[in-house]
Structure formats: C-alpha cells, structure tokens
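For reference, the chains in residue letters:
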Amino acid sequence: MEQVKQFIHGERDYIKIRGGTGPLVYPGAHVYIYRILYHLTDHGSNIRLAQFVFGGVYLVNLAVVMACYRLAQVPPYVFPLLVSSKRLHSIYLLRCFNDCFAVLALFVATYAYQKRMWTAGSVVYSLGLGVKMSLLLVLPAIGMILLQGIGKDRAITQAMIIGQLQVLIGYPFLAVNARSYFSRAFEFTRQFLYKWTVNWRFVSEETFLSKRFALSLLLAHACLLALFLSTRWKKPSKRSLPDFMRTMLREPRDQDLISRRVTPQVILTTILSANAIGMLCARSLHYQFYSWLAWATPFLLWRAGFHPVLQYALWAAQEWAWNVYPSTPASSMTVVSILAVQVAGVWWGTREDFVDSRDGRPQHQHVE
C-alpha cells in the first residue's frame, strides 16, 4: 500500500518506489491490481474486506483448476487434495500475496489453451506475467504447446501478443525510465536472504549465497528443460529431435494431425511440469510460492502414475513441510525431495504417451 500510494501521487520511476517491505520488484499489472485494492480497502486499512476479495480469488482459482483437471480427465479421487491445504488457505485469506492473482492468470490461460482459445490464453498469460515474473518459468512449455498446436507462423504471432502486452502494461513506467522498470520488475540477479528460504535450509548459508550454487541451479534448470523438451514436450509431433527442429521451422504437412494430439491433458502436463522444474531449481522459495505448487501437485502425482495411497502420502508430506515455520533442514529437504519426485515421476509416467497412437490421442490416457 505504501508503494501504491507513491504511484498514485505520480511517481513513475520504479527505482524510487519503495515501502516498509523494500523496493517495488513486481511488474506494472501488480501495481494496477493493488491500486484497486488500495481504494477498495480504504488505503489498506480495511483488512477484512481485502480478505473477502482474496477469498473470492481463491474460489475462482479453485473452480478454474478443477475445470482444467476435468478437461485433462483427472479422476475424482484426486480433487479433494485441491481443497485440503492449510498453507494455501493462509496464502490467500491471511497473507493477500500477489501470487494469488498471478497463479489465477496462469490457470485461466491454461484453460483457454486447453479449449484452443489461443489468443485469449496468450493475453491472459501475459497479464499474469505482468503481475509476477515467475510466470516466465512456464514460457518454454507454452512455446512448445503453441508451436505444435497452431504451427510456427501463428505461434510467432502469439509471442508478439505476449511481448507487446508487456510493453503496454509497463508503458507508464517505461516512458519515464525503461532501464529502471526492467531492472526492478524483471530482476534476475536478486540476492535472497537465507533466513527466509523454504527449500534450501539444509545447505549452509555460505553455500546458499555462493555464485557457484546459483550457477549450478541454473545449469540444472537448463538441463531439465532440455530433457523434457527433447523427450516429452515434443511428443505430439511424433518426430525425433533433429526432425522436429527441421520440420517445425516450416509448416509440416501433418500440422492438423499434430495439433489434434495437443490435447488438454498434454497441455496441462506440459505447463505444470515446466512449473515444477522451475520450482525445483529455484534459487530460493518463500512460503507464498506454495500457491504455485499446491494446485499442481495433485495432477503431477497422478500423471506420474503413482498409486493413489502414495499420491496422498506424498501430498501430505509436502503439506507438512510447507507448514513448518521457520523452515528446518528436515522440512526443506522434504520440499526439494518431493519436487524432485514430481519432476522425475511425470517424466517417467509419460514415457509411453503417443506410442503407436493412430487416432491423434495419447495411447495412455488416464480415464476414470
């Protein structure tokens, strides 16, 4: 609210906007949303009304996630996990984090892509990216979905829509000091405090703050993205990686058939696996990032093919770890381990998708 007040009073140089929590480090759409909340809640003093607003955001998010799950043919026994998280309720109703709006945009965009509303999906995704740069984690997955779903030329058009909307969102700040805006809103070199990390408490503070550790995580992230791209995300094309790279640079003759293979389940799997990879390799996760995992974990554990009892057990272990405050070596190791299980599990569980498929749908669809 302190930062928004400065914006309302005319400050447009991002580097000069600060508050009791520090500098403004989120893109322009975040400012616009909290400006609305500023007026709705009497300059931030009506906390109860703010909690009602975030309660509404939670319910809408829940409905959209369930709709995405239904399109992906997720069985009913998975759904109770979506409403059982104490930490998730805290993030929405008590903490009022901007992640709530960013995650809502992510799933609305995912639903639009599942319904083959490509432009709507790209617009909503870009709006979410304008709230928090964490949505960049799923951009490679969205690129693969668009490339195979609508072909190279239309995919480039969607990329331009995403980029141009970012310029539009940031224009009031870009017009004053573009460098200041991008350096704050999309800061990739931010240094995190060890005391707030949820995922790396089991390593020493010296290691956590080291450049070598940061570069190792970045390398691991790149390698996992390359692995999934080359062995899983390109599967709708039913091509080897070299052939995929050659043919997708021009319009393949079987583009319509490839597009039909980009099913709602494929779309949700691709986007949520990219998100899980990003969370696994993150330099530091704070408690609000659980909103990025809680909606995705039930699907990924099911998609990995684990027994339902194991799915519930792994979910419960993750929920326990994220409710430990402050984090401990045991809780943080649990966070990282279960993220690793999700990434490895979904990679292994999707190994036979599109094997000998002749009708444009995955051979191994999970149907209840």
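Given the structure is predicted, the values throughout are model-derived calculations rather than measurements.

Thresholds, definitions, all that
Residues numbered from 1 in each chain as written. Predicted model: local features only at pLDDT ≥ 70, side-chain atom pairs only at ≥ 80, totals over all residues. Heavy atoms only, no water. Helix = DSSP H or I, 4+ residues; strand = E, 2+ residues; numbered from the N terminus. Buried < 20%, exposed > 50% of the residue type's maximum accessible area, 1.4 Å probe, protein only. Contact = heavy atoms within 4.5 Å. Areas by Shrake-Rupley, 256 points an atom, 1.4 Å probe, with all protein chains shown as cover. Salt bridge = Lys/Arg side-chain N within 4 Å of Asp/Glu carboxyl O. UniProt positions renumbered as here; feature names shortened; annotations may be inferred. Axes fitted to C-alpha atoms, helices over the stretch in contact; angles between N-to-C directions. Left-handed = near helix turned anticlockwise from the far one by under 90°. Nonpolar A, V, L, I, M, F, W, Y, C, P; charged D, E, K, R; others polar. Expected span 1.5 Å × (residues − 1). Bend = angle between axes of the 7 residues up to and from the residue. Phe/Tyr/Trp six-rings, centres within 6.5 Å; stacked < 30°, edge-to-face > 60°. Patch = residues over 30% accessible without salt bridge, like charges linked within 9 Å, V, L, I, M, F, W, Y side chains within 5 Å.

Quick notes on the overall build of the protein
Line of reasoning, step 1. When you go through the protein residue by residue, the secondary structure sums to 17 helices and 2 strands.
Line of reasoning, step 2. If you line up the protein on its principal axes, its C-alpha atoms span 60 × 45 × 40 Å.
Line of reasoning, step 3. Classification of the 368 residues of the protein by burial places 52% in the buried group.
Line of reasoning, step 4. Across the protein, contacts joining residues at least 24 apart in sequence account for 75% of those joining residues at least 6 apart.
Line of reasoning, step 5. As displayed, the protein has an accessible area near 16,700 Å², and 63% of this comes from carbon and sulfur atoms.

Details of the pattern of salt bridges
Line of reasoning, step 1. The tally for this structure, following the rule as stated, stands at 6 salt bridges.
Line of reasoning, step 2. For D254, the salt bridge identified is with R239, shortest N-O distance 2.9 Å. On the criterion of sequence distance, the pair formed by D254 in the loop between α11 (241–247) and α12 (255–261) and R239 in the loop between α10 (211–233) and α11 is long-range, its members being 15 residues apart.
Line of reasoning, step 3. On the accessibility criterion, R239 (17% relative accessible area) is buried.
Line of reasoning, step 4. In this structure, D243 and R246 form a salt bridge, with 3.8 Å as the shortest nitrogen-oxygen distance. Highlighted residues: D243 and R246, both in helix α11, separated by 3 residues, approximately one helical turn.

Brief notes about the UniProt feature "transmembrane region" (unreviewed entry) in the protein
Line of reasoning, step 1. Look at the UniProt record and you will see "transmembrane region" (unreviewed entry) annotated at residues 49–72, 92–113, 125–147, 159–178, 289–310 and 330–348.
Line of reasoning, step 2. What you have in residues 159–178 is 100% helix and 0% strand, and the ends, taken at the C-alpha atoms, are 21 Å apart.

With respect to the packing of helix α13 (residues 264–280) against helix α17 (residues 329–349)
Line of reasoning, step 1. The N-to-C vectors of α13 and α17 enclose an angle of 145 degrees; their axes lie 9 Å apart at closest approach. α13 and α17 meet at a crossing whose hand is left-handed. Across the interface between the two elements, T269, S273, A276, I277, M279 and L280 of α13 pack against V336, L339, A340, V343 and V346 of α17.
Line of reasoning, step 2. For the contact of α13 with α17, the per-class residue count stands at 9 nonpolar, 2 polar and no charged.

What about unusual backbone geometry?
Note: most peptide bonds trans; most residues except glycine with negative phi.
Line of reasoning, step 1. The linkage connecting Y325 with the following residue, P326, adopts the cis geometry, with an omega of -10 degrees.
Line of reasoning, step 2. Looking at the element boundaries, P326 is found in the loop between α16 (308–322) and α17.
Line of reasoning, step 3. Backbone geometry at D42 places phi at a positive 55 degrees, although glycine is not the residue there.
Line of reasoning, step 4. For D42, the position within the fold is in the loop between α2 (28–40) and α3 (47–71).
Line of reasoning, step 5. The phi dihedral of Q73 is positive, around 65 degrees, even though this residue is not glycine.
Line of reasoning, step 6. Tracing the backbone shows Q73 in the loop between α3 and α4 (86–95).
Line of reasoning, step 7. Relative accessible area serves as the criterion here: at 33%, Q73 is assigned to the partly exposed category.

Here's the deal with helix α8 (residues 152–185)
Line of reasoning, step 1. Over its 34 residues, α8 extends only 29 Å from the first C-alpha to the last, a length that falls short of the 50 Å expected when each residue adds 1.5 Å.
Line of reasoning, step 2. The largest bend along α8 reaches roughly 130 degrees and is located at N177.

Quick word on the packing of aromatic side chains
Line of reasoning, step 1. Going through the model one piece at a time under the given rule, you end up with 25 aromatic pairs.
Line of reasoning, step 2. Each ring, one from F7 and one from F173, has its centre 5.5 Å from the other, and the planes form 40 degrees; the classification is tilted. Of the two residues, F7 sits in helix α1 (residues 2–8) while F173 sits in helix α8, which places them 166 residues apart along the sequence.
Line of reasoning, step 3. For F7, a relative accessible area of 4% gives the class buried.
Line of reasoning, step 4. Centroid distance Y14 to F173: 4.8 Å. Interplanar angle 80 degrees. Geometry classified as edge-to-face. Here the residue Y14 occupies a position in the loop between α1 and β1 (18–19), and F173 occupies one in helix α8, the gap between them amounting to 159 residues.

A word on α2
Line of reasoning, step 1. Compared with an ideal rise of 1.5 Å per residue, which puts 13 residues at 18 Å, α2 spans 19 Å between its outermost C-alpha atoms and is within 8% of the ideal.
Line of reasoning, step 2. Among all positions in α2, only G28, A29, H30, V31, Y34, L37 and Y38 are buried.
Line of reasoning, step 3. Against the buried residues of α2 lie α1, α3, α5 (99–114), α6 (118–129) and α8.
Line of reasoning, step 4. Looking one or two residues past α2, D42 carries a phi angle of roughly 55 degrees, positive in sign.

Quick notes on a nonpolar patch on the surface
Line of reasoning, step 1. The grouping of I36, L40, L49 and F52 at the surface amounts to a nonpolar patch, some 400 Å² of accessible area in total.
Line of reasoning, step 2. Contributing elements (two or more residues each) for the nonpolar patch: α2 and α3.
Line of reasoning, step 3. Following the sequence through the fold, F52 ends up in helix α3.
Line of reasoning, step 4. What makes F52 exposed here is its relative accessible area of 55%.

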